[in-house]
Structure formats: structure tokens, C-alpha cells
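The primary structure of each chain is shown beneath.
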Amino acid sequence: MLSHENLFQFVLADLAEEMSGYQPPEPNPLPCDRYIARSALQKAVRRGEVALAHRSVANLYQHDPRAVWRHVVIIAMEDCGASTIDLLGCIVAARLDRKWRQRAGGDWRVLCFLTERMAKGVHCQAACDLLLCALNRPENDQERSNALEAGPAELASMIADAASSLQHRAIATLALGGGLAEGQQHRQPACVFAILEAQGVSPHVIATCHAAWRASRNEMALLLPIVWQAWAANDGYVIEDDTMLPVTMIGDVPDYALDQFTRTGNNAFRSSLVSDPAMKELLLVAGVPVTQHVKALGDLLFLTDGTQLVRRVIWKTGEELRSPRRMLPWIAILGRDVYPLIACIAEKHSQIAQHRAQQFHRVNQLSA
């Protein structure tokens, strides 16, 4: 059997051939802070916007040439996923071999090529959706509690049980590998990968996901082999574009990049709530405490304009995991109350875009 290192050497040899003749654009960093650039990069990949992806990467590379690789690994797991596991293999292999990157034309050329492939390819969020279901779906509360009390042998048996549901296995995986709860008793990610490799998951998939885990420490790396098993066994798929809300450009930056994972986005949401009593009232009626209004609005807006994909892979397991809606923390809590709130956000989307623009310009003026 080939070692993981040898597997990656074959991957890099193929990648070098694919990159033959590739000319990256000149670096033109997106004019924003690195948190907005990171958000813009992920949304650009989701929406297939290659030029925006390149400008976002240029910004991140300018801030920290090493950290940008972690962001690219996470995006590949979250938005490309099991349907293009070989692309994640290219990314982690390139990240691990600095000398190969130098021979291939340097980090900038390799990063541009790989982010372009992510943006132009098909997209699948099943690994992220599985993580969200395992962590947030209310129906899984008791199972989460049981898994946190279970011993390693019991959890290993649950992970290896291919007849169990993906969510059951995912909860056990997180309980053993880490990421199910703060202060949990087990954090043994290597054991998770060993269990799944012994169960027959492709060595290349295991090597790829283990390398992605080491690069990112993101729980999706633990779950991706399980999703890949379901993907390998699925009986067909179609590719469709999600419906997108109109985009407001704030200079060169799209408004959707100011999401709840950016300080500027959260400030915009606070401003929106102050000027919109109707939205505040809807949140209160839905049972959201005032102290959580910004977080809830952030999740709702993210669901509305932050998670959409072009060329989404529609397949049975993937659809089951994201139905009836993605299990973001407040989306899971709100349940059916989410629908009138989403309708309100869609109606007021242009107003929210104005608040995003105001906050963005305010930050730029302060930093000038």
C-alpha cells in the first residue's frame, strides 16, 4: 500500500500537468480588512466569481501567506466537499510541499489556480450540513448527551456501523474526535481516521481528510469521509443553481461579504435593528431575547444571501441534510418561525445593504 506521502506526490504530479501554461492574474487585493476578504473569498467560490476570488486571495495572501492556505482548505471542505474530494487532495498536497509550490511558480500562481478550480467547479455543502445537524438539530439533543457519556469503544462501534444514519455516526465521530461540546472527555481525531480506514474508506480520502484536519482543525475534516461513503454509494445527482438575491456593490466589495463573521457586518445588523422596529418585534414574537437579536439576524441573513451556490450538486443525502433548511444555530432554534423572518429580510434586503455600506465606509474613513 502506498504511503500518504507517496499518494500526495502522485497528486502533485497530476496537478503540475494541469497547471501547464496557466497564467495567474496580477495581484489586485480587494480593498477591505482580511475578515471581509475571507468572507468574500468563500462567497466568490460559492457563486463562481473567479475575479472576486482572486482579489480576495490577494488580500489574504498580503496579510498572511501561511494562513490563507487554512482558509482555502476549509472552503474546499465546506463548499466543494465529497463530490470533488480530489480537489481537496490537490489543495492539501500543495499546502504540505513548499518546495513543490516554488517549482510550480510560487504560492500566488498555485493559489490562483486552485481557487479558480473551486469557483468554476461543482459545489456540495453536505459535510457542513452534516456538522450543523449533528451540533444544532433539536431532535439530536438526547443523542448528543448520550455520546458525550459514552466510552471510546462504544463510540468506535457507532462510527463503524455503516447501517446507522449519517447523523448518528457524525455525533459519535465528534464525541470521539472532538468538536461536539466544550470540555468533552475525548479528543482523538487520529482514532476516527483509523476506524474509518479500517472500515474500507479509500486510503486517498483518509489521507486527504487527515491532512485537512491537521491544516485546519475543522470538524468537517472528521465528517467528510462519512459523507464520501454516502456520495460513493449514491445513485445519481443533478446540478442546479440556487436562487440569488440581488447584490449591492460597496465599491469593489459585494454587500454579502459583510456577514455575521465580520465585525463590520455585525455593526450593520445592529444599525438595521435600531432603525427597524418591525424586525425587532418579529424577533421578540419568535422568542429571541434582545441580547441575541444581532446573532439571530446574522444567521437569518446568512441563510438568505450567504450560503447559496451555483452548480450545486443535488443528491439524495445532501438534500436530506439541508432540509427543511440549513441548521445554523438560530435557524434550528427558531423552527417554523424562521419563515416570516426570512420573508421580512427579503423585503428589506436593500435597506440592510444600505446599512452594510454605511458601516463599511465608516470603517474605511476611520482607518484612512
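As a reminder, the structure under discussion sits directly above these lines.
Only a predicted model underlies this, so the values are computations on that prediction, with no experimental measurement involved. (Residues numbered from 1 in each chain as written. Predicted model: local features only at pLDDT ≥ 70, side-chain atom pairs only at ≥ 80, totals over all residues. Heavy atoms only, no water.)

**With respect to the packing of helix α2 (residues 34-47) against helix α4 (residues 67-80)**
- Two elements in contact, α2 and α4, have axes separated by 11 Å at closest approach and are oriented at 35°. In this structure, the crossing between α2 and α4 has a hand that is right-handed. Taken together, the residues of α4 that come into contact with α2 (itself represented by Arg38, Leu41, Gln42, Val45 and Arg46) are His71, Val72, Ile75, Glu78 and Asp79.
- The residue makeup of the contact of α2 with α4, split by class, is four nonpolar, two polar and four charged. (Axes fitted to C-alpha atoms, helices over the stretch in contact; angles between N-to-C directions. Helix = DSSP H or I, 4+ residues; strand = E, 2+ residues; numbered from the N terminus. Left-handed = near helix turned anticlockwise from the far one by under 90°. Contact = heavy atoms within 4.5 Å. Nonpolar A, V, L, I, M, F, W, Y, C, P; charged D, E, K, R; others polar.)

**Section: the pattern of salt bridges**
- Using the criterion set out here, one finds 15 salt bridges in the structure.
- Across the salt bridge formed by Asp252 and Arg55, the nearest N and O atoms sit 3.1 Å from each other. Of this pair, Asp252 sits in the loop between β2 (249-250) and β3 (253-254) while Arg55 sits in helix α3 (residues 50-63), and the two are 197 residues apart along the sequence.
- On the accessibility criterion, Asp252 (39% relative accessible area) is partly exposed.
- Assessed through its relative accessible area of 19%, Arg55 is described here as buried.
- Its salt-bridge partner being Asp276, residue Lys348 comes within 3.5 Å of it at the nearest N-O pair. Of this pair, Lys348 sits in the loop between α20 (338-347) and α21 (349-367) while Asp276 sits in the loop between α15 (263-274) and α16 (277-285), placing them 72 residues apart in sequence.
- The buried category is assigned to Lys348, whose relative accessible area is 14%.
- Note on Asp276: relative accessible area 12%, which makes it buried. (Salt bridge = Lys/Arg side-chain N within 4 Å of Asp/Glu carboxyl O. Buried < 20%, exposed > 50% of the residue type's maximum accessible area, 1.4 Å probe, protein only.)

**What to know about the packing of aromatic side chains**
- Using the criterion set out here, one finds four aromatic pairs in the structure.
- Here the aromatic rings of Trp231 and Trp315 are separated by 5.1 Å at their centres, their planes lie at 85°, and the arrangement is edge-to-face. With Trp231 in helix α14 (residues 220-233) and Trp315 in the loop between β4 (312-314) and α18 (316-321), the pair connects residues that are 84 residues apart, well separated along the chain. In this pair, the class of Trp231 matches that of Trp315, namely buried.
- With 5.5 Å between their ring centres and 90° between their planes, Phe261 and Phe302 make a pair best called edge-to-face. Of this pair, Phe261 sits in the loop between β3 and α15 while Phe302 sits in helix α17 (residues 293-305); the two residues are 41 residues apart in sequence, bridging distant segments of the chain.
- By relative accessible area, Phe261 is classed as exposed at 54%.
- Lying over the aromatic face of Tyr256, Arg47 brings its terminal NZ or CZ to 4.0 Å of the ring centre. (Phe/Tyr/Trp six-rings, centres within 6.5 Å; stacked < 30°, edge-to-face > 60°. Lys NZ or Arg CZ within 6 Å of the ring centre and 35° of its normal.)

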